[in-house]
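Each chain, written out:
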Amino acid sequence: MTRRHSPRQQYEQACRIAKDNNMFVVAKNGRYLIFRKTPSRNVCLGSCGSTETLFTKVSHCAFPK
């Protein structure tokens, strides 16, 4: 999916996957931060610099092996 879609589409799909799996994405200073919502606080799962890596990282956090 990531090679055939525009960066905007990759970002939107990553945000949808994150939202469906109790996470959210924050764009800050050219980086994308991925957070998981927990009852006590939000936990940062990582960051990345491109929409392609954002999609991959969100997918791995949402669907671990």
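Note that the structure is a prediction, hence the values are computed from the model and not measured.

Regarding unusual backbone geometry
Notably, Asn22 is not glycine yet its phi reads approximately 65°, a positive angle. Topologically, Asn22 is positioned in the loop between α1 (7–20) and β1 (23–28). The partly exposed category is assigned to Asn22, whose relative accessible area is 42%. The residue Asn29 is not glycine, and still its phi comes out positive at about 50°. Relative to the elements of secondary structure, Asn29 occurs in the loop between β1 and β2 (31–37).

Focus: the pattern of salt bridges
In this structure the tally under the stated criterion is 1 salt bridge. For Arg8, the salt bridge goes to Glu12, with nearest N and O atoms at 3.1 Å. Taken as a pair, Arg8 and Glu12 lie in helix α1 at a separation of 4 residues, close to a single helical turn. Look at Arg8 and you get exposed, because its relative accessible area is 54%.

Thresholds, definitions, all that
Residues numbered from 1 in each chain as written. Predicted model: local features only at pLDDT ≥ 70, side-chain atom pairs only at ≥ 80, totals over all residues. Heavy atoms only, no water. Helix = DSSP H or I, 4+ residues; strand = E, 2+ residues; numbered from the N terminus. Buried < 20%, exposed > 50% of the residue type's maximum accessible area, 1.4 Å probe, protein only. Salt bridge = Lys/Arg side-chain N within 4 Å of Asp/Glu carboxyl O.

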